[in-house]
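# Overview (structure and organization)
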Amino acid sequence: MPDASSVANQRPPTAPAFSPRAIAHVAAQPRETVRVIRSRANGGIGVALENANLENAETIGTLPPLYPEWLGHRGFASKFGTRFAYVGGAMANGIATTRMVIELARAGCLGFFGAAGLSLSRIEAAISELRSALGEPVLPWGVNLIHSPAEPEHEAAVADLLIRADVRCVEASAYLRLTPAVVRYACSGLTRDNDGRTQRRHRVIAKVSRTEVARQFLSPPPAAILDALRVRGGLTPEEVELAAQLPLVEDITCEADSGGHTDNRPLSVLLPEIAALCARLGSDARVGAAGGLGTPTAVAAAFALGADYVQTGSINQSCIESGLSASARAQLAQADMADVAMAPAADMFEMGVDVQVLRRGTLFAPRARKLYELYRSYPSLAAIPPEEREKVESTYLRATFAQAWASTREFWARRDPQQVARAERDPKHQMALVFRSYLGLASRWAIDGLSERSADYQIWCGPAMGAFNTWVKGSFLEPVENRRVAQVALNLLEGAAAITRAQQLRSYGVPVPASAFDYRPRVLG
């Protein structure tokens, strides 16, 4: 088989490129070897493909081909079995569906099923479907494990299920501190090979937005957690011994200004901070970028910052594989960059933790904020003033407090009876559970497309959604029915490669026009 250079030499010669349009045309071909040239006539700097006629120009530099597969850390792709250093992040309540994970895997990316907020039976069914469709470990896939401070037993049960089901890869998200559940999953199955090297059975990609949390994941687990797991049989003595000698994770995602749980950190600040922390700790962990990645330019910028891989989230929700209803996806497709707001999180309501949600077309954010203000201000539902109570009952809950508690009690009696017992002792906790039910149902209404509740849709969303909508305007990806996760991923990566090539040429003195940085979506195979 002839090599690339011989094939290039068989093509008809091309002309050197000195005009803005011609330079942009060459920059848009990152898979080609490109020469940086100087005109013998006037000293102007231009570019030329490998087979160009250079009688009147001299070569002053050469750039080898650049493929989207080469962006990021090659070790990420080899470790997880992907073609690209690209992750589709988990979105709770099954919004990151099995279908989404399957399509990403078939496109050469790693996707995580959104297990947060789901029952054990639903998670188990999803694992079975993913294994049947993708095999283990034929194509890459994973499942989300979320920190659940209000439901530690459920978090532990999910971790137990993931171990029992032999799920090899997990995205750990929203963690404020390490818990026995995430430590047990990560350390279960640790062994030594014949050469004495520690081998991991389970891989955890930790999604963080704070250095103090990152430090915990980049260090060996606390001895107290390991000892407690050993005593109750959660880990073997050998697993505990090995776990004490290595960091909990080898991959850590910097979650910047994202949808859902976020600290709204700028990626340009957060990623270098986490990378510097890795250096101080002597860690060779791969560091990924998430949050705000909705265009090829943003993806290229993340790789330029040193990201070993990139992760998308908000933009995938508008794709047809998303678990969101058609009406909710249509709302996302209309969003602008500023059409987001912070609102209380259902899973960490009492702690005052917020999530970032879509603001346009929904009143969820101000209504959820009002419920949190009432929770902070009053000791019980009964203590809420009549005028406030009437508004919440008629507009938010569409039920009396008594009716809302009855349905909430029924839910928790099935999921975690201890919550019911506590609520019946503590009126403040009862109020929290009732208000949390509204927050949780608001996400379900968006998933189910309940039209009479469209004003209450909770749709997790970051600014990347608006940037994506602007980028795809006028292209085949503008209609929401054309948005597929694989096409979105391939276009972001192809565009990032083209933009990276344009920036390479600019850094070598080539007068690259702005048009070279404007990659337009196209159907890719």
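Above this note sits the structure.
Scope of this entry: the structure provided in the associated data block. (Residues numbered from 1 in each chain as written. Predicted model: local features only at pLDDT ≥ 70, side-chain atom pairs only at ≥ 80, totals over all residues. Heavy atoms only, no water.)

## Structural notes on unusual backbone geometry
Quick note on the threshold: Counting from the N terminus, the helices are DSSP H or I runs at least four residues long and the strands are E runs at least two residues long. Classification of residues uses two cut-offs on accessible area relative to the type maximum, computed with a 1.4 Å probe and protein chains only: under 20% is buried, over 50% is exposed, and between them is partly exposed.
With a phi angle near 60 degrees, N264 is a residue other than glycine that sits in the positive phi range. Along the chain, N264 turns up in the loop between β12 (260–261) and α11 (267–281). With a relative accessible area of 33%, N264 lands in the partly exposed category. For R398, which is not glycine, the phi torsion reads 55 degrees and is therefore positive. Turning to its location among the elements, R398 is positioned in the loop between α15 (386–397) and α16 (401–415).

## Let's talk about the sheet that holds strand β16 (residues 354–358)
We count it as follows: Pairing between two strands requires that DSSP report at least two bridges joining them. Note on definitions: a residue-residue contact is assigned when non-hydrogen atoms from the two residues lie within 4.5 Å. Angles here are taken between N-to-C directions and fall from 0 to 180 degrees, while the axes themselves are lines fitted to C-alpha atoms, restricted in helices to the stretch in contact.
Across the sheet, 3 strands lie side by side as β12-β16-β15; this open sheet has antiparallel pairing. Looking at strand neighbours, the two that pair on one side only are β12 and β15 (340–344), the edges of this open sheet. Of the strands in this sheet, β15 and β16 touch helix α14 (residues 364–377), which is tilted by about 25 degrees from β15.

## Description of the pattern of salt bridges
Threshold: By definition here, a salt bridge exists when the distance from a side-chain nitrogen of Lys or Arg to a carboxyl oxygen of Asp or Glu is within 4 Å.
Tallied over the entire structure, the rule returns 30 salt bridges. Here R38 ties to E58 by a salt bridge, and the two come within 3.4 Å at their closest N and O atoms. With a gap of 20 residues between them, R38 in strand β1 (residues 34–39) and E58 in strand β3 (residues 57–63) connect regions that are remote in the sequence. With a relative accessible area of 32%, R38 lands in the partly exposed category. The exposure class assigned to E58 is partly exposed, which follows from its relative accessible area of 33%. The structure contains a network of salt bridges with shared partners spanning D166, R168 and R201.

## A few points about the environment of N316
As for its placement among the helices and strands, N316 is situated in the loop between β14 (309–312) and α13 (326–333). Given a relative accessible area of 0%, N316 falls into the buried group. Remark: the alpha-carbon pair of N316 and L450, spanning 134 residues in sequence, is separated by 21 Å.

## Side note on the packing of aromatic side chains
The condition is simple: Centre distance within 6.5 Å is the pairing criterion for rings of Phe, Tyr and Trp, where only the six-membered ring of Trp is used; planes under 30 degrees apart are then read as stacked, over 60 as edge-to-face, and the remainder as tilted.
With the rule as written, the count across this model stands at 12 aromatic pairs. Consider the rings of Y175 and F217, whose centres lie 6.0 Å apart with planes at 85 degrees: the pair is edge-to-face. Here Y175, found in the loop between β7 (169–173) and α7 (180–187), pairs with F217, found in helix α8 (residues 211–217); they are 42 residues apart in sequence, far enough to count as distant. In this structure, Y175 and F217 share a single accessibility class: buried. A ring pair is formed by F364 and Y438, whose centres lie 6.0 Å apart and whose planes are at 20 degrees; its orientation type is stacked. In this pair, F364 is assigned in helix α14 and Y438 in helix α18 (residues 427–448), connecting sequence segments 74 residues apart. Accessibility assignment for this pair places F364 and Y438 in one class, buried. Each residue in the set F364, Y396, Y438 and W445 is aromatic and connected to the rest through ring pairs, giving one cluster.

## What about the sheet that holds β1?
Ordered by their spatial adjacency, 3 strands build an open sheet running β2-β1-β3, and the pairing between neighbours is antiparallel. In this open sheet, the two strands that pair with only one neighbour each are β2 (45–49) and β3. Each neighbouring strand pair of the sheet contributes to a mean axis angle of 35 degrees, computed without reference to strand direction. Inspection of the sheet shows β1 paired to β3 by 6 bridges, in the antiparallel sense. Bridge pairing in β3 places R38 opposite E58.

## Some thoughts on the nonpolar core
Here is the rule we go by: To form a nonpolar core, buried Ala, Val, Leu, Ile, Met, Phe, Trp, Tyr and Cys residues must be joined to one another through side-chain atoms within 4.5 Å.
Y86, F217 and F435 are the most contacted members of the largest nonpolar core, which totals 160 residues. If you tally residues by element for this core, the top one is helix α20 (residues 485–507), at 12 residues. Excluding residues within four positions of it along the chain, F435 makes contact with F349, L371, L374, Y375, L381, I384 and V392. Residues F80, A90, C169 and Y309 belong to the second largest nonpolar core, which totals 10 residues.

## Overview of the state of the cysteines
Note the cut-off: In this description, a disulfide is simply a cysteine sulfur pair whose atoms lie within 2.5 Å.
Following the criterion strictly, the structure yields 0 disulfides and no others. Of the cysteine sulfurs around C169, a residue in no disulfide, the closest is that of C109, at 14 Å. Residue C169 is classed as buried on the basis of its relative accessible area of 7%. Here C278 stays free of any disulfide, with the sulfur of C254 as its closest cysteine sulfur at 7.8 Å. With a relative accessible area of 3%, C278 lands in the buried category.

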